[in-house]
Amino acid sequence: MAGGSPMSSGLSSGILDPQALIGSAGVWGLAVVCLIVFAETALLVGFFLPGDTLLFFTGVLTLTGALHAPLGVVVAAVSVAAILGDQVGYLIGRRAGTAVFNRKESGLFSRASVAQTESFFERFGSMTVTIARFVPVVRTFAPVIAGVGSMRYRSFIIFNVIGAVGWAGSVILLGFGLGHIPGVAQFTAQYIDLILVGIVVLSTVPVLVRSLLVRRRARSRRADALNRTLD
């Protein structure tokens, strides 16, 4: 998956093949992974990067020893890269404001992607920064929109760290764990998009249910207050 781009199937067999990227880097494999994870949000180029598939194979290749680093070091390093990438994205949004989105449609920029990310903020608020980590394209724009919308920096850092560590840890560990089962590993690599969508659904449904319950109770209280006023 190229950061969720429709071209992901082509990229995975071309120059952005995650296995080829890591394998050809040798001892610099982890540095390459971290650089790509950082660039995905810091440079707004998530459309052309292998994203989640990269992390999945990072886990697999950590197991096989092709990636020359312990699992804990790999997860920590990728988490830091993800956190720093979002931090840069946030600062870009904070400094440039809405001007960062006032450019023509191109292969690197899509207004529809911005609108999609904004809809996430409308539904989930600050939690979008965490949830977006598991949603291709949205994670590329979420930190920038958080900066444009002047989201409190302290809140951003908290949700950024939770999302980055949760995403890096879960996807890398998924690859590491399933790497023990060749058939399952291949299936997961092929359908990782759907698997991550499932993760997002499972993580956001409780939030939505709670939000609906809170709104229903608030409406009920307002209705009761109005009735007492009329009485």
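These numbers were taken from a predicted model, which means no experiment stands behind them.

Engineer: Talk me through the side chain of T58; I want residue IDs and the actual numbers.
Structural biologist: Here T58 lies in helix α4 (residues 51-64). A distance of 2.7 Å separates a polar side-chain atom of T58 from the backbone oxygen of L54.

Engineer: Any chance you could break down the pattern of salt bridges for me, citing the residues and the numbers?
Structural biologist: Within the structure shown, the criterion is met by 2 salt bridges. For E40, the salt bridge goes to R139, with nearest N and O atoms at 2.8 Å. With E40 in helix α3 (residues 29-42) and R139 in helix α8 (residues 138-148), the pair connects residues that are 99 residues apart, well separated along the chain. Using a relative accessible area of 1% as the deciding quantity, one classes E40 as buried. For R139, a relative accessible area of 1% puts it in the buried group. The closest approach of N and O atoms between R133 and D86, which form a salt bridge, is 2.9 Å. Here the residue R133 occupies a position in the loop between α7 (128-131) and α8, and D86 occupies one in helix α5 (residues 71-96), the gap between them amounting to 47 residues.

Engineer: Lay out the packing of aromatic side chains in plain terms, naming residues and giving numbers.
Structural biologist: Remark: the centre distance and the inter-plane angle together describe each pair of aromatic rings, the angle taken between the planes. Taken as a whole and judged by the stated rule, the model has 3 aromatic pairs. Seen from their ring centres, Y90 and Y153 are 5.5 Å apart, and the 45 degrees between their planes marks the pair as tilted. One end of the pair, Y90, is in helix α5; the other, Y153, is in helix α9 (residues 153-178), and 63 residues separate them in sequence. Accessibility expressed as a relative area gives 1% for Y90, which makes it buried. Of the residues examined, Y153 reaches a relative accessible area of 40% and is grouped as partly exposed. Members of the aromatic cluster, connected to one another through ring pairs, are Y90, Y153 and F156.

Engineer: I'd like to hear about the UniProt feature "transmembrane region" (unreviewed entry) in the protein chain, residue by residue, with values.
Structural biologist: Mapped onto this numbering, the UniProt entry annotates "transmembrane region" (unreviewed entry) at residues 21-49, 55-85, 157-179 and 191-213. Segment residues 55-85 splits into 81% helix and 0% strand. End C-alpha atoms: 15 Å apart. End C-alpha atoms of residues 157-179 are separated by 32 Å, and the span's content is 96% helix alongside 0% strand.

Engineer: Could you give me a rundown of the confidence of the model for the protein chain, with the residues and numbers involved?
Structural biologist: Summing up the model confidence of the protein chain, the mean pLDDT is 75 and the portion of residues at 70 or higher is 63%. Note on residues 1-16: pLDDT is under 50 here. Beyond four places in sequence and across chains, it has 39 contacts.

Engineer: How would you summarise the nonpolar core if you had to cite specific residues and measurements?
Structural biologist: L30, V37, L55, V74, V78, W167 and I172 are the most contacted members of the largest nonpolar core, which has 26 residues in total. Contacts of V74, omitting those with residues within four sequence positions, involve L30, T58, T62, L67, A69 and I172. Membership of the second largest hydrophobic core comes to 19 residues, among which are F120, F124, V129 and V137.

Engineer: Report on α8, specifying residues and quantitative values.
Structural biologist: A large share of α8 lies buried, amounting to 10 of its 11 residues. Within the span of α8, buried status applies to V138, R139, T140, F141, A142, P143, V144, I145, A146 and G147. Note on α8: the residue one or two positions beyond its end, S150, has a positive phi of about 55 degrees.

Engineer: Can you tell me about the environment of I92, naming the residues and giving the values?
Structural biologist: Looking at the element boundaries, I92 is found in helix α5. Taking the C-alpha atoms as reference, I92 lies 6.2 Å from V144; in sequence the two are 52 residues apart.

Engineer: Quick rundown of the packing of α5 against α8? Include the residues and the values.
Structural biologist: Between α5 and α8, the shortest axis-to-axis distance is 6 Å and the interhelical angle comes to 45 degrees. Comparing their axes, α8 and α5 come out oblique. The interaxial crossing formed by α5 with α8 has right-handed handedness. Contact with α5, carried on its side by D86, G89, Y90, G93 and R94, involves R139, P143, V144, A146, G147 and V148 of α8 and no other residues of that element. Each residue belonging to the contact of α5 with α8 can be placed in one class, and the counts come to 5 nonpolar, 3 polar and 3 charged.

Engineer: Give a description of a nonpolar patch on the surface that names residues and reports values.
Structural biologist: A contiguous nonpolar surface patch, about 300 Å² in accessible area, is contributed by Y153, I157, V161 and V165. Tracing the chain through its elements places I157 in helix α9.

Engineer: Hey, could you go over the packing of α3 against α5 for me, with residue numbers and the actual values?
Structural biologist: Where α3 contacts α5, the axes come no closer than 7 Å and their chain directions differ by 25 degrees. Comparing their axes, α5 and α3 come out roughly parallel. Of the two possible hands of crossing, α3 and α5 adopt the one that is right-handed. Listed contacts from α5 to L30, V33, C34, V37, F38, T41 and A42 of α3 are V73, V74, A77, V78, A81, A82, L84, G85, D86, V88, G89 and I92. Its residues assigned to classes, the contact of α3 with α5 shows 15 nonpolar, 3 polar and 1 charged.

Calculation criteria
- Residues numbered from 1 in each chain as written.
- Predicted model: local features only at pLDDT ≥ 70, side-chain atom pairs only at ≥ 80, totals over all residues.
- Heavy atoms only, no water.
- Helix = DSSP H or I, 4+ residues; strand = E, 2+ residues; numbered from the N terminus.
- Polar contact = N/O pair within 3.5 Å; in protein donor to acceptor, adjacent residues only side chain to side chain.
- Salt bridge = Lys/Arg side-chain N within 4 Å of Asp/Glu carboxyl O.
- Buried < 20%, exposed > 50% of the residue type's maximum accessible area, 1.4 Å probe, protein only.
- Phe/Tyr/Trp six-rings, centres within 6.5 Å; stacked < 30°, edge-to-face > 60°.
- UniProt positions renumbered as here; feature names shortened; annotations may be inferred.
- pLDDT = per-residue confidence, 0-100.
- Contact = heavy atoms within 4.5 Å.
- Core = buried A, V, L, I, M, F, W, Y, C linked by side-chain atoms within 4.5 Å.
- Axes fitted to C-alpha atoms, helices over the stretch in contact; angles between N-to-C directions.
- Parallel < 35°, antiparallel > 145°, perpendicular 65-115°, else oblique.
- Left-handed = near helix turned anticlockwise from the far one by under 90°.
- Nonpolar A, V, L, I, M, F, W, Y, C, P; charged D, E, K, R; others polar.
- Patch = residues over 30% accessible without salt bridge, like charges linked within 9 Å, V, L, I, M, F, W, Y side chains within 5 Å.
- Areas by Shrake-Rupley, 256 points an atom, 1.4 Å probe, with all protein chains shown as cover.

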